[in-house]
Amino acid sequence: MSARILLVLVSCALSVITGLVIARGGAGGGKTVRQRPVIGLSMDTLKEERWQVDRDLFTEKIKAAGADVLVQSANSNDAIQLQNVESLITQKVDALVIIPHDGAAMAKAVKLAHQAGIPVLSYDRLITDCDLDLYLTFDNVKVGELQAKFLAERIPAAGKLRLIRIYGAKTDNNAKLFKQGQDNVLQPLIAAGKVEVIFEDWAEDWKPESAKKITNAAITKNGPNFDAILASNDGTAGGAIQALMEEGLAGKIIVTGQDADLAACQRIAQGTQSMTVYKPIQSIATKAAELALKLAQRKPLVAKDAIPNGQVEVPTVLLDIVSVTKENLRETVVKDGFRKEADVFQ
Ligand code: GAL
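Not measured: the values here are computed from a predicted model. (Residues numbered from 1 in each chain as written. Predicted model: local features only at pLDDT ≥ 70, side-chain atom pairs only at ≥ 80, totals over all residues. Heavy atoms only, no water.)

1. Considering the overall build of the protein chain
Scanning the protein chain from N- to C-terminus turns up 12 helices and 15 strands. Whereas a compact globule of 346 residues would reach a radius of gyration of roughly 20 Å, the protein chain reaches 22 Å, a difference of no more than 12%. Looking at the protein chain residue by residue over its 346 residues, the buried ones come to 54%. When contacts within the protein chain are restricted to residue pairs at least 6 apart in sequence, those whose partners lie at least 24 apart make up 73%. Summed over all atoms, the accessible surface of the protein chain reaches about 14,600 Å², with 55% contributed by carbon and sulfur. One finds the centroid of the 41 positive side-chain charges in the protein chain at a distance of 3 Å from the centroid of its 41 negative side-chain charges. (Helix = DSSP H or I, 4+ residues; strand = E, 2+ residues; numbered from the N terminus. Rg over C-alpha atoms; globule rule 2.2 N^0.38 Å. Buried < 20%, exposed > 50% of the residue type's maximum accessible area, 1.4 Å probe, protein only. Contact = heavy atoms within 4.5 Å. Areas by Shrake-Rupley, 256 points an atom, 1.4 Å probe, with all protein chains shown as cover. Lys, Arg positive; Asp, Glu negative; His and termini not counted. Charge placed at Lys NZ, Arg CZ, Asp CG, Glu CD.)

This is how it looks when you write it as structure tokens:
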């Protein structure tokens, strides 16, 4: 048995046992690795506050490690994101980090990268239906469960919580995972008649204005006869709360969120939003920089989990999250240095 076959068998055995991932490379395009690696970062958008923080922290960590980053943002346009990836491949980056607008549309980008011998890390959102190298994200199902548990703990004694549900972008695999987590908690309560969904819809591209329209439509159909809005992130929560303000309902309706945006933390302090889910961007950006550099330098790395993407079981690193309410704002986002107390409680 040749040494190469023996090596492959041993590394496969090792990777199964320890979640060890032997970085791709060499396959296709015979790519050599630079002394000072260059990482390509292809982003869906910079319109939400959190993505600007992800970009800045990731860039900072890569530079601190003696490497460089090329950033491209696609403004939620799939054709532009594919062009961005093609241009990063042409610039011969050593590894690619992609935050897909549409997880399925970026499968082609992964194939193009592999033809050039470039490994791909999918950041926060999953790229589906391709031989993806690595996935790094938060526990997205748990995000939905925490949002729904917050509501479950506030079912009116009189018996039933009347609920508007605002899901995220249909193009975003995360939006489906958040909904799955929410359903895990809500379905039994709906079956028991303790929760009634009076209106539900998906917010195109996570736009706050889409969430406002959904809330306006729900109020037009049902009047003010509801108790809560299950908004899947802070951007959509903000849009929904604008609609509530117009009806003099802000602060009277429970509203969930995600991302601990500054505006959301301020709304929670004021009482117009009820909770958010804090996903420490410091941890995902730092971990992504570490993993991207290992991929770029073709070094082995550990990924303890695996998530199916429709083609392969993608080696995955999952990060934890925290539920944030008025009661623990200081112990969570302020203590972590993510938000300043003065900014939150202005
Ligand atoms: C999701 C992400 C959330 C949210 C949303 C909108 O994929 O996990 O944090 O902000 O996108 O950008």
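2. Observations regarding the sheet that holds strand E10 (residues 254-255)
Taken together, the four strands give an open sheet; going across it, the order is E8-E7-E9-E10, and neighbouring strands pair in parallel fashion. Looking along the sheet, the strands with just one partner apiece sit at the ends: strand E8 (195-202) and E10. As judged from the two bridges shared by strand E9 (residues 228-231) and E10, these two strands associate in the parallel manner. Bridge pairing links Ala228 to Ile254 in E10. Against the sheet, helix H7 (residues 208-222) contacts strand E7 (161-167), E8 and E9, and its axis sits at roughly 135 degrees relative to E8. (Pairing = 2+ DSSP bridges. Axes fitted to C-alpha atoms, helices over the stretch in contact; angles between N-to-C directions.)

3. Some words on the packing of helix H5 (residues 140-152) against helix H6 (residues 173-191)
Running from N to C, H5 and H6 point in directions that differ by 35 degrees, and their axes come no closer than 7 Å. The two elements H5 and H6 cross, and the hand of that crossing is right-handed. Here Asn140, Val141, Val143, Gly144, Glu145, Gln147, Ala148, Lys149 and Ala152 of H5 come into contact with H6, specifically with Asn174, Leu177, Phe178, Gln180, Gly181, Gln182, Asn184, Val185, Leu186 and Leu189. Across the contact of H5 with H6, the residue classes break down as nine nonpolar, eight polar and two charged. (Left-handed = near helix turned anticlockwise from the far one by under 90°. Nonpolar A, V, L, I, M, F, W, Y, C, P; charged D, E, K, R; others polar.)

4. Digging into helix H4 (residues 107-115)
Those residues of H4 lying buried are Ala107, Ala109, Val110, Ala113 and His114. Buried residues in H4, looked at end-on, bunch into an arc of 160 degrees, giving them a common side. In this fold, the buried residues of H4 make contact with helix H3 (78-90), strand E4 (95-98) and strand E5 (120-123). Just past H4, the residue Gly117 takes up positive phi, approximately 75 degrees. (Arc of directions from axis to C-beta.)

5. With respect to the environment of Cys265
Structurally, the position occupied by Cys265 is in helix H9 (residues 262-270). Apart from the residues within four sequence positions on either side, Cys265 is in contact with Ala260, Leu329, Val333, Arg339 and Val344.

6. Focus: the sheet that holds strand E14 (residues 313-319)
Ordered in space as E3-E2-E4-E5-E6-E14-E13, the seven strands form an open sheet in which the pairing is mixed. Each of the sheet's edge strands pairs with one partner strand only, and the pair in question is strand E3 (68-73) and strand E13 (305-308). Sheet twist, expressed as the average angle between the axes of neighbouring strands with direction ignored, equals 25 degrees. Across three bridges, the pairing between E4 and E5 is parallel. Residue pairing across strands places Ile98 opposite Ser122, the latter belonging to E5.

7. A short note on the site of the ligand
Taken together, the neighbourhood of the ligand is formed by 13 residues, with Glu48, Asp124, Arg125, Asp172 and Asp259 sitting nearest. Taking Asp124, its side chain carries an N or O atom lying 2.7 Å from an oxygen atom of the ligand. Asn174 has a polar side-chain atom sitting 3.1 Å from an oxygen atom of the ligand. Starting from 300 Å² of accessible surface for the ligand in isolation, the protein chains cover 100%. Only helix H2 (49-64) and H6 provide two or more residues apiece to the shell around the ligand. Looking at the shell around the ligand residue by residue, the classes come out as three nonpolar, three polar and seven charged. (Near = heavy atom within 4 Å. Polar contact = N/O pair within 3.5 Å; in protein donor to acceptor, adjacent residues only side chain to side chain.)

8. A closer look at the packing of aromatic side chains
The final tally for this structure, using the stated rule, is three aromatic pairs. Residues Tyr167 and Trp202 carry aromatic rings whose centres are separated by 4.8 Å and whose planes lie at 45 degrees to one another, so their mutual orientation is tilted. With a gap of 35 residues between them, Tyr167 in strand E7 and Trp202 in strand E8 connect regions that are remote in the sequence. The class for Trp202 is partly exposed, based on a relative accessible area of 23%. Considering the side-chain rings of Phe178 and Trp206, the 6.0 Å spacing of their centres and the 70 degrees angle between planes classify their relative orientation as edge-to-face. With Phe178 in helix H6 and Trp206 in the loop between E8 and H7, the pair connects residues that are 28 residues apart, well separated along the chain. (Phe/Tyr/Trp six-rings, centres within 6.5 Å; stacked < 30°, edge-to-face > 60°.)

In short, shape yes, function no, at least from these values alone.
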